[in-house]
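A look at the structure
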Amino acid sequence: MKKLLYMLLATFISVSAFENVNINGFVRNYSGMLTGGDNEFSVIQNTFSLDFRKKADRIGFLVSPYLKHYMNDSLELNLKEAYIDMYFDNFDLRIGKQQIIYGKAEGIFITDVVSPKDLSEFILPVFDEVRIGVTSAKLSYYKGTGIFELTWVPVFTPNTLPDASSIWRPPMPDFPVTPAFDHSDTDVENKIENSEVFARYSAMGSKMDYEMVAGYFFSDDPVMNVYKEIDSGTGEITGITVAPEHPRLFMAGGSMGLPVAGYVLRGEGAYYSGKMFQTQDPAEKNSLTEKDFLHYMAGIDYSLFGTTLSAQFVQEAILDYDSEIDKDEFSSTITFLAKKDFLREKLWLELFGYYGLNEEDALIRPKITYFFADGFDVSAGANIFTRDSGNFGQFDDNDMVYAKIKYSF
Amino acid sequence: MKIINIILISALAFIGSFTALKAEEMTGKTIMEKVYYNPSGDDTQGELTMSLINSRGDTRVRKLMQYTKDDGKTEKKIMFFLSPADVRETSFMNWSYTDGRDDDQWIYLPALKRVKRISSDSKGDYFMGSDFTYDDLGDRHPDDDEHKLLRTEKIGDYECFVVESVPKDEDYMYSKTITWVMKENYLGLKREFYDDRDRLLKVLNIKKFEKISGFWTILETEMHNVQKDHRTQMVFDEVKINTGVSESKFTERSMTMGR
């Protein structure tokens, strides 16, 4: 099968040369090492990525295959995106595997729920590699500076989670007995009634930019139904079955960007219905309870002496909260970014970070990038996790340094 | 915020209306006003190649396609980056206003796949690592400076007015500029920029200009930072003026589709 794919790829490259197709891409080596313990390599990855792109008057396409080679000599061949565009006077139609991005938050997913995420390395890869393309049809209708978008996703794609052996696999909760897993309800069947639909209206102007979004979809992350078998005589738990499933969700929200005296103020918020939360309430047979949920962000961007500065306050809130729920009623995170170039944009310094207010944990990501020549850059950085619990602190043992070398063509 | 303009509709780069004023009646201010108010067309498009050359002769090249449209109140510009490869498909849009409001700016990064509003860069920041600041590339209003006609002199075959312009704002990045304006067409041919210690910082030379669709158009320039011995050459190709660039060119659709 792989041979066939490679042959198809080679044929496509050959044909592209005659069909006036633009071919771009990059070659990259990415090597990372854990700083604790035995200085173990956490990742050694070689990537070859291509973009075949054509734009004509009424039609265009993009095909983006990539090959990733890992340190265990495994090879991954996949398509980041592959779609066809049809252009009309007032609307466009894009059909195929595509990444669709909503919202104005950076490094946080609030209304950005169309494309699932590849979390096999947590959220550390560049974001266009974290987002997974979904096969969908997107209709965009244009009026003035506004765009109305309708997206139909016929087949559900979940988030890609880390392997069981991965250092990025979140720890399992402590169960009194070893649980059995039941995946019979995990997969969402490929049926028309299991389609996902999303709508978005966005507009930009001199006073502000804004967008309103809504979606009816499946949760990209599974929730865990936990069924307990209890000995009626002793009252002890004798068995536990964990059954992951992806519940249906409804989301409505919006975002805005507003220029104020040299600053850009950003905001984004979403209301979710159908969210399931783990609970200790014995009345819940499967340890899950359904609650409405809010997720929102306020942020500010500023440029000072050529340094780009940005900060965001992000909060999640469970409505009609019940104290038996495992997750806190409010979970708050702050993000910050500082970025500056030197030597006429040859050298870039960047510091990005998340700080979780509930657990006081953090992920701090300093990075330095040097462009040796146009399209050829080398970067080095670190991912530093602090504390030992929380979204970031749970990976406290995974502090790492890394280097990347990339040639774009 | 003013950004690069394909035809450099800048304070330095205009023809004058050929009013029959004699040189001896001209003042520094009237000369610079004639430079500023020259007609430049309602819309322009063209491809810009920008070469950054350091003191060792190492060269980096940036190419982009730019469209502008000006309705007299708002000047809209959009740039599509063509090279180097790592910035291809990036687009940048700027709306600037004659009423003095801050410019609006957006950027589309293909990796993020969304249009993002960005805070207006400081006018003193350098554009894409070049020797041009954003302000160098914009329309500096003649009322922002005090102008003085120093002399007339010849550069090559061109008889020029030499005008010194001192900014009214003491915190401006230059202490003064000196501009050589061609008498025959009120096109700036050369400009010297002096730093805050009154030392020569940069020299801009116009190397090629032509009349396109009835408008004098700069096609090749070089800015030389004499203190760092770094040069930026700009070459404009495929320049078209007043072709009726659509308003829809300056929208989110255009930025994301790259067309």
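What comes next concerns the included structure. None of these values were measured; they are calculated from a predicted model. (Residues numbered from 1 in each chain as written. Chains lettered and ligands numbered in written order. Predicted model: local features only at pLDDT ≥ 70, side-chain atom pairs only at ≥ 80, totals over all residues. Heavy atoms only, no water.)

Moving on, we get to the overall build of chain B. Across its full length, chain B holds 2 helices and 13 strands. The buried share among the 259 residues of chain B stands at 57%. By sequence separation, contacts in chain B at least 24 residues apart represent 49% of the contacts at least 6 residues apart. Accessible surface computed for chain B: about 11000 Å², of which carbon and sulfur atoms make up 46%. (Helix = DSSP H or I, 4+ residues; strand = E, 2+ residues; numbered from the N terminus. Buried < 20%, exposed > 50% of the residue type's maximum accessible area, 1.4 Å probe, protein only. Contact = heavy atoms within 4.5 Å. Areas by Shrake-Rupley, 256 points an atom, 1.4 Å probe, with all protein chains shown as cover.)

Further remarks concern the pattern of salt bridges. Tallied over the entire structure, the rule returns 40 salt bridges over all chains. Residues lysine 202 of chain B and aspartate 136 of chain B are paired through a salt bridge, measuring 2.6 Å at the closest nitrogen-oxygen approach. Within this pair, whereas lysine 202 of chain B is found in strand S11 (residues 200-212), its partner aspartate 136 of chain B is found in the loop between strand S6 (114-118) and strand S7 (145-155), the two being separated by 66 residues in sequence. By the burial criterion, lysine 202 of chain B is buried, and aspartate 136 of chain B matches it. Through salt bridges with shared partners, one network takes in Asp51, Arg53 and Lys55 of chain A together with Glu89 of chain B. (Salt bridge = Lys/Arg side-chain N within 4 Å of Asp/Glu carboxyl O.)

Cis rather than trans, the peptide bond between serine 83 of chain B and proline 84 of chain B has omega equal to 5°. Position of proline 84 of chain B among the secondary structure elements: in the loop between strand S3 (74-83) and strand S4 (91-97). A positive phi angle is found at glutamate 345 of chain A, which is not glycine, with a value near 70°. Mapped onto the elements, glutamate 345 of chain A comes out in the loop between strand S18 (330-342) and strand S19 (347-356).

Bringing the interface of chain B and chain A into the picture now. Taken together, the contacts link 39 residues of chain B with 51 residues of chain A. Counting the surface lost from both chain B and chain A, the interface buries some 3600 Å², and carbon and sulfur atoms represent 46% of this. Of all residues in chain B, Arg114, Arg117 and Arg253 of chain B bury the most surface against chain A, accounting for 20% of the area lost on that side. Our enumeration of links across chain B and chain A arrives at 9 salt bridges. Secondary-structure elements contributing two or more residues to the side of chain B that touches chain A are strand S2 (59-70), S4, strand S5 (104-109), S6 and helix H2 (252-257) of chain B. In the side of chain B that touches chain A, the residues fall into 13 nonpolar, 7 polar and 19 charged. (Buried area = accessible area lost by both parts, 1.4 Å probe. Nonpolar A, V, L, I, M, F, W, Y, C, P; charged D, E, K, R; others polar.)

Considering the arrangement of structural elements, one finds tyrosine 102 of chain A in the loop between strand S5 (91-98) and strand S6 (120-123). On a C-alpha basis, the gap between tyrosine 102 of chain A and methionine 212 of chain A in space is 9.3 Å, while along the polypeptide they are 110 residues apart. When near neighbours in sequence (up to four residues on either side) are disregarded, tyrosine 102 of chain A contacts Thr111, Asp112, Val114, Glu149, Thr151, Phe198, Ala199, Arg200, Glu211, Val213 and Glu268 of chain A together with Arg114 of chain B.

Let us now look at the side chain of arginine 94 of chain A. For arginine 94 of chain A, the location among the structural elements is in strand S5. Using a relative accessible area of 14% as the deciding quantity, one classes arginine 94 of chain A as buried. Apart from residues no more than four positions distant in its own chain, arginine 94 of chain A is found in contact with Tyr83, Ile84, Asp85, Ser136, Ala137 and Lys138 of chain A together with Met257 of chain B.

Residues and elements named next belong to chain A. By the bridge criterion, 13 bridges tie strand S15 (residues 263-278) to strand S16 (residues 288-304) in an arrangement that is antiparallel. Within S16, the residue paired with glutamate 268 across the bridge is methionine 297. Pairing geometry for S16 and strand S17 (residues 307-318), over 12 bridges, is antiparallel. Paired with phenylalanine 293 across the strands is isoleucine 318, a residue of S17. Hairpin connection between S16 and S17: a loop of 2 residues separates the two successive antiparallel strands, and phenylalanine 305 in this loop has a positive phi of roughly 50°. (Pairing = 2+ DSSP bridges.)

A word on a negative patch on the surface. Taken together, the side chains of Asp328, Glu329, Glu359, Asp388 and Asp397 of chain A present a region of like negative charge at the surface. Along the polypeptide, glutamate 329 of chain A turns up in the loop between S17 and S18. (Patch = residues over 30% accessible without salt bridge, like charges linked within 9 Å, V, L, I, M, F, W, Y side chains within 5 Å. Lys, Arg positive; Asp, Glu negative; His and termini not counted. Charge placed at Lys NZ, Arg CZ, Asp CG, Glu CD.)

The subject of this paragraph is the side chain of asparagine 225 of chain A. Residue and element names in this part refer to chain A. On the secondary structure map, asparagine 225 appears in strand S12 (residues 223-230). On the accessibility criterion, asparagine 225 (3% relative accessible area) is buried. Within the structure, asparagine 225 has its side chain in polar contact with the side chain of glutamate 245 (distance 2.7 Å). Residues contacting asparagine 225, with those up to four places away along its chain left out, are Thr241, Val242, Ala243, Glu245, Asn286 and Leu288. (Polar contact = N/O pair within 3.5 Å; in protein donor to acceptor, adjacent residues only side chain to side chain.)

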